[in-house]
Amino acid sequence: MSVSTAALDPSVCAPLPVLGQDVTVPLVTGGEVTYAALDYAASAPALQRVWDDVAAYAPYYGSVHRGAGYLSQLSTDLFENSRRTVAEFLGCRAGDQVVFTRSTTDSLNLLAAAIPANCQVFVYETEHHASLLPWRDAQVTYLNAPRTPGQAVETLERALADRDPYGPALVCVTGASNVTGELWPVRELAAAAHAHGARIVLDAAQLAPHHPVDIAELDVDWVAFSGHKLYAPFGSGVLAGRADWLQAAEPYLAGGGASRKVARRADGGVDVDWHTTAARHEAGSPNVIGVYSIASACKALTEAGFDNLVAREQELVSRVREGLAEVPEVQVLSLFGDDAPRVGVISFVVRGWNSSHFAAALSAEYGIGVRDGLFCAHPLVRTLLGSDPQDPGECGAPEAEPGERSLNAIRVSFGAGTPDEHIERFLRAVTELVREGAQWKYRTEDGRCVPDRGEAAQV
């Protein structure tokens, strides 16, 4: 999935304008600095293009599918055109459905509610919790973390070969790790799944913002992703793919919009005729603005030239990895090794530092926003750190005091809107903190490491 960075036009590969790029934040050491948002893996800043499109539509806001008025009809057209835009962005096949949800988590829980009875689910322990946890009513096989892409395929093939060959089966896998950024061999895993009569759903939350995703080319059955990672505002997501399991399942939510006909029976009950389209799982008044913002982001990324965006991001990935490699105390976390292709998501630990302390110092002293914790992928991070699965530590809530080694990691992530200066400032900050130490005292408050403002003594 790599893209060559040769002969790129710098003007074409400039960062895309995003909201918040001129926001300044105070430093505990005095003064202010432009905020360096390097937590794209959690939520990417909205593209300015997306925000402008939403603002232009806002005066014409209306409830969809139910109104005879002009604004309702306009909003309905916009909503359904957005569905077509997303389908085109994902390379959907004829017959595939695009269902709008609240997030990747919501999408995968919807699919979990729609799988047939007695379905066997296969999921790697390396998954984000959104992919790891929804399958509570299924027979789940958790696969150990592979250390190479080939091992990932072999592990899946062995597990599928041992399953009941006559029942339904589903494989759930990430496209790009939200911890290491490494790309998974999705096409090969899809081939293995289908060879054994199983289906596969791709968690593309971290892949779609950084790399083109084509359902037909990858030969996956479903794709799930979130708008807030694809440079759109919070509150919208997508589940796209095969329609049969979705059409056969009870509606994810029962209510208006999911039903075509509701009638009282003579015995006092109610008969319901449910939609067989995507509307079956979109009950209630939908998030029209959220849906439109996803479509706008899809258009913006396509029109900007996704190959050029990928190539520029790969330059930033190389720069960050090379810069971190120059600091011996830094250990970058990886499943597949240094040569594995990856997106702009890199996690690391610093010898002699509590990860929360380090992240707090990056924020308070340099105006850099990163993430620390277990990144809602607890089994994976513990595997990468070589810690016991029962060791303490929570997502975003480390238990160690500043200066003590923690069982968590630090994650830096970036994308289409990241300027070079943010990367340069981050690498400089890492080097200075490791070599010179923090300039401020920190304490733990409500599970977070924060500057000790009550005692403003530099150390």
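Residues numbered from 1 in each chain as written. Predicted model: local features only at pLDDT ≥ 70, side-chain atom pairs only at ≥ 80, totals over all residues. Heavy atoms only, no water.

Asks: So what about the overall build of the chain? Which residues, and what values?
Replies: The helix and strand tally for the chain stands at 13 helices and 19 strands. Here the chain has a C-alpha radius of gyration of 23 Å; the compact-globule value for 459 residues is 23 Å, and the two agree. Expressed along its principal axes, the backbone C-alpha trace of the chain runs to roughly 80 × 55 × 50 Å. By residue count, 54% of the 459 residues in the chain fall in the buried class. In the chain, 70% of the contacts between residues at least 6 apart in sequence involve partners at least 24 apart. Carbon together with sulfur atoms contributes 49% to the accessible area of the chain, which is approximately 19,400 Å² in total. (Helix = DSSP H or I, 4+ residues; strand = E, 2+ residues; numbered from the N terminus. Rg over C-alpha atoms; globule rule 2.2 N^0.38 Å. Buried < 20%, exposed > 50% of the residue type's maximum accessible area, 1.4 Å probe, protein only. Contact = heavy atoms within 4.5 Å. Areas by Shrake-Rupley, 256 points an atom, 1.4 Å probe, with all protein chains shown as cover.)

Asks: Before we move on, could you go through the sheet that holds strand β7 (residues 169-174) and cite the residues and values that matter?
Replies: Read from one edge to the other, the open sheet built from seven strands follows the order β4-β10-β9-β8-β7-β5-β6, with strand pairing classed as mixed. Of all strands in the sheet, those bounded by a partner on one side alone are β4 (97-101) and β6 (139-143). With direction set aside, neighbouring strand axes in the sheet form an average angle of 20°. Alignment of strand β5 (residues 120-124) against β6, held across five bridges, turns out to be parallel. Bridge pairing in β6 places Val-121 opposite Val-140. Where helix α3 (residues 104-114) meets the sheet, its contacts fall on β4, β7, β8 (199-203), β9 (222-226) and β10 (237-241), and the angle it forms with β9 comes to roughly 150°. Those strands touched by helix α6 (residues 186-195) are β5, β7 and β8, and its axis lies near 155° from that of β8. (Pairing = 2+ DSSP bridges. Axes fitted to C-alpha atoms, helices over the stretch in contact; angles between N-to-C directions.)

Asks: Can you break down the layout of surface pockets residue by residue, with the values?
Replies: In this structure, the largest pocket encloses a volume near 550 Å³. Lining the largest pocket are 26 residues, with His-211, Pro-212, Val-213, Asp-214 and Glu-217 positioned closest to its centre. With four residues, the single largest contributor to the lining of the largest pocket is helix α9 (residues 288-304). Classifying every residue of the lining of the largest pocket by side-chain character gives 15 nonpolar, three polar and eight charged. (1 Å grid on protein atoms, 1.4 Å probe; cavity = no way out; pocket = protein on both sides within 12 Å on 5 of 7 lines; lining within 4 Å. Points joined across faces, edges and corners; volume = space filled by probe spheres on them. Nonpolar A, V, L, I, M, F, W, Y, C, P; charged D, E, K, R; others polar.)

Asks: Residue-level account of the sheet that holds strand β13 (residues 330-332), with values.
Replies: Judged by pairing direction, the sheet is antiparallel, and its four strands sit side by side in the order β13-β14-β17-β16 without closing on themselves. The sheet terminates laterally at β13 and β16 (371-373), the two strands that pair on one side only. Direction aside, the axes of adjacent strands within the sheet are offset by 30° on average. As paired elements, β16 and strand β17 (residues 409-413) share three bridges and run antiparallel to each other. Bridged to Asp-372 within β17 is Ile-410. Running over the sheet, helix α10 (residues 306-325) touches β13, β14 (345-350) and β17 and is turned about 10° from β14.

Asks: Please give an account of the side chain of Ser-347 that cites residues and values.
Replies: Counting through the fold element by element, Ser-347 comes out in strand β14. In this structure Ser-347 comes out as buried when scored by relative accessible area, which is 0%. In terms of polar contacts, Ser-347 uses its side chain to reach the backbone carbonyl oxygen of Val-179, at 2.6 Å. (Polar contact = N/O pair within 3.5 Å; in protein donor to acceptor, adjacent residues only side chain to side chain.)

Asks: Provide a residue-level description of empty space enclosed by the protein, including the pertinent values.
Replies: Applying the stated criterion across every chain yields a total of one cavity of 30 Å³ or more. Every residue lining the largest cavity is listed: Cys-13, Ala-14, Pro-15, Leu-309, Arg-312, Glu-313, Gly-415 and Ala-416. For the lining of the largest cavity, the class distribution of residues is five nonpolar, one polar and two charged.

Asks: Help me get a handle on the environment of Gly-235, residues and values and all.
Replies: Here Gly-235 lies in the loop between β9 and β10. Aside from chain neighbours lying at most four places away, what touches Gly-235 is Thr-101, Arg-102 and Asn-287.

Asks: So what's going on with helix α1 (residues 48-57)? Residues and values would help.
Replies: Among all positions of α1, only Val-50, Asp-53, Val-54 and Tyr-57 are buried. The buried residues of α1 occupy an angular sector of 95° when projected down its axis, which confines them to one face. Against the buried residues of α1 lie α2 (70-89) and α9. (Arc of directions from axis to C-beta.)

Asks: Please provide a residue-by-residue account of α2, values included.
Replies: Helix length check: α2, at 20 residues, gives a terminal C-alpha distance of 28 Å against a target of 28 Å (1.5 Å per residue), a fit within 8%. The complete set of buried residues in α2 reads Ser-72, Ser-75, Thr-76, Leu-78, Phe-79, Ser-82, Arg-83, Thr-85, Val-86 and Phe-89. If you follow the buried residues of α2, they end up packed against α1, β4, β9, β10, α9 and α10. Two residues or fewer after α2 comes Gly-91, characterised by a positive phi angle close to 65°. (Expected span 1.5 Å × (residues − 1).)

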